[in-house]
Amino acid sequence: MIRESRIDRVLNRLQAHFGSHVIIRPPASAAELAQLEALVGPMPRELMIFLITCNGLRVEVQDTKREQHLWHIEEILSCLLTAADPTIPAGFLPIRGDVTGQRDWLALSVNKAHGSVVRWDPWSPQSEIVASSFGAYVEAWTQYLTEQFQPNGTPTGGPAAAFDAKFVARTDETLRTLRSDSAIAAWLKGLEHPVSCGEGVE
């Protein structure tokens, strides 16, 4: 018996709710996966399942403030290899980015936070863990979209919630443990290095 993976479940749920408003890209090729793995090393199983199922996806909703889009390999590589961004922390792989510049990253460094998703903005001094794993992140993201938007992509009309750690923690019990860990808090503190700008900067 073949079990449906968590990635399959969330994709089916998105399609059942939004129909043609879900734009799913074709699966990543073996060459694309090899190129990404050569750069970042071994990737979590659920991310691999996602990429070989759909190499990125977009949900068309009527909200210009948030980018409802999970990145494909070409976007990931472009971000990691660009010289325009400040230094990206070691072991960080981008999976989503809003039009505001806010980005969510899969942490692949070998520490207690390995495999978790971190919200880190290279232009801001703040960073936080928003999900314990890629699968938990995508599951909560799907829950968020189906709660906040109707099948045609319009807002439900209820109170607008933020897709943040508080929202994800509703279904991600492991996240609560990670966020209370002092070693992880210290690691996150070490990521905080806002980029200087303004007078005196060349």
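Keep in mind that what you see is a predicted model, and the values were worked out from it rather than measured.

A. Spotlight on the overall build of the protein chain. Looking only at helices and strands, the protein chain features eight helices and seven strands. A buried classification covers 48% of the 202 residues belonging to the protein chain. Long-range pairs, those at least 24 residues apart, make up 59% of the contacts in the protein chain with a sequence separation of at least 6. Summed over its atoms, the accessible surface of the protein chain is roughly 10600 Å², and 53% of this surface lies on carbon and sulfur atoms.

B. Just the nonpolar core, in detail. Ranked by size, the top nonpolar core spans 58 residues in total, and within it Leu57, Val59, Leu93 and Tyr137 carry the most contacts. Element by element, the count of residues in this core is highest for helix 5 (residues 134–148), at seven residues. Those residues in contact with Leu57 that sit more than four places away from it in its chain are Leu11, Leu14, Ile23, Ile24, Phe50, Gln68, His69, Leu70 and Trp141.

C. How the structure looks around the sheet that holds strand 2 (residues 57–59). The strand order 1-2-3 describes an open sheet built from three strands, whose pairing is antiparallel. Bordering the open sheet on either side are strand 1 (22–24) and strand 3 (69–70), each of which pairs with just one other strand. Inspection of the sheet shows strand 2 paired to strand 3 by two bridges, in the antiparallel sense. Each bridged residue has a counterpart across the sheet, and for Leu57 the counterpart in strand 3 is Leu70.

D. Spotlight on helix 4 (residues 73–81). Of the positions making up helix 4, those classed as buried are Ile73, Ile76, Leu77, Cys79 and Leu80. Considered in projection along helix 4, the buried side chains sweep an arc of 160° and stay on one side of the axis. Its buried side turned inward, helix 4 meets helix 2 (30–40), helix 3 (45–53), strand 4 (92–97) and strand 5 (103–107).

E. Structural detail: the packing of helix 2 against helix 4. As a packed pair, helix 2 and helix 4 sit with axes 10 Å apart at the nearest point and diverge in direction by 30°. In terms of axis orientation, helix 2 runs roughly parallel to helix 4. Remark: the crossing between helix 2 and helix 4 carries left-handed chirality. The residues of helix 4 that touch helix 2, namely those facing Glu32, Leu33, Gln35, Leu36, Leu39 and Val40, are Ile73, Ile76, Leu77, Leu80 and Leu81. When the residues that make up the contact of helix 2 with helix 4 are grouped by side-chain class, the tally is nine nonpolar, one polar and one charged.

F. Representation of the packing of aromatic side chains within the structure. Scanning all chains against the criterion turns up nine aromatic pairs. Centroid distance Phe50 to Phe134: 5.4 Å. Interplanar angle 65°. Geometry classified as edge-to-face. Of this pair, Phe50 sits in helix 3 while Phe134 sits in helix 5, placing them 84 residues apart in sequence. Each of the two residues, Phe50 as well as Phe134, counts as buried.

Rules used throughout
Residues numbered from 1 in each chain as written. Predicted model: local features only at pLDDT ≥ 70, side-chain atom pairs only at ≥ 80, totals over all residues. Heavy atoms only, no water. Helix = DSSP H or I, 4+ residues; strand = E, 2+ residues; numbered from the N terminus. Buried < 20%, exposed > 50% of the residue type's maximum accessible area, 1.4 Å probe, protein only. Contact = heavy atoms within 4.5 Å. Areas by Shrake-Rupley, 256 points an atom, 1.4 Å probe, with all protein chains shown as cover. Core = buried A, V, L, I, M, F, W, Y, C linked by side-chain atoms within 4.5 Å. Pairing = 2+ DSSP bridges. Arc of directions from axis to C-beta. Axes fitted to C-alpha atoms, helices over the stretch in contact; angles between N-to-C directions. Parallel < 35°, antiparallel > 145°, perpendicular 65-115°, else oblique. Left-handed = near helix turned anticlockwise from the far one by under 90°. Nonpolar A, V, L, I, M, F, W, Y, C, P; charged D, E, K, R; others polar. Phe/Tyr/Trp six-rings, centres within 6.5 Å; stacked < 30°, edge-to-face > 60°.

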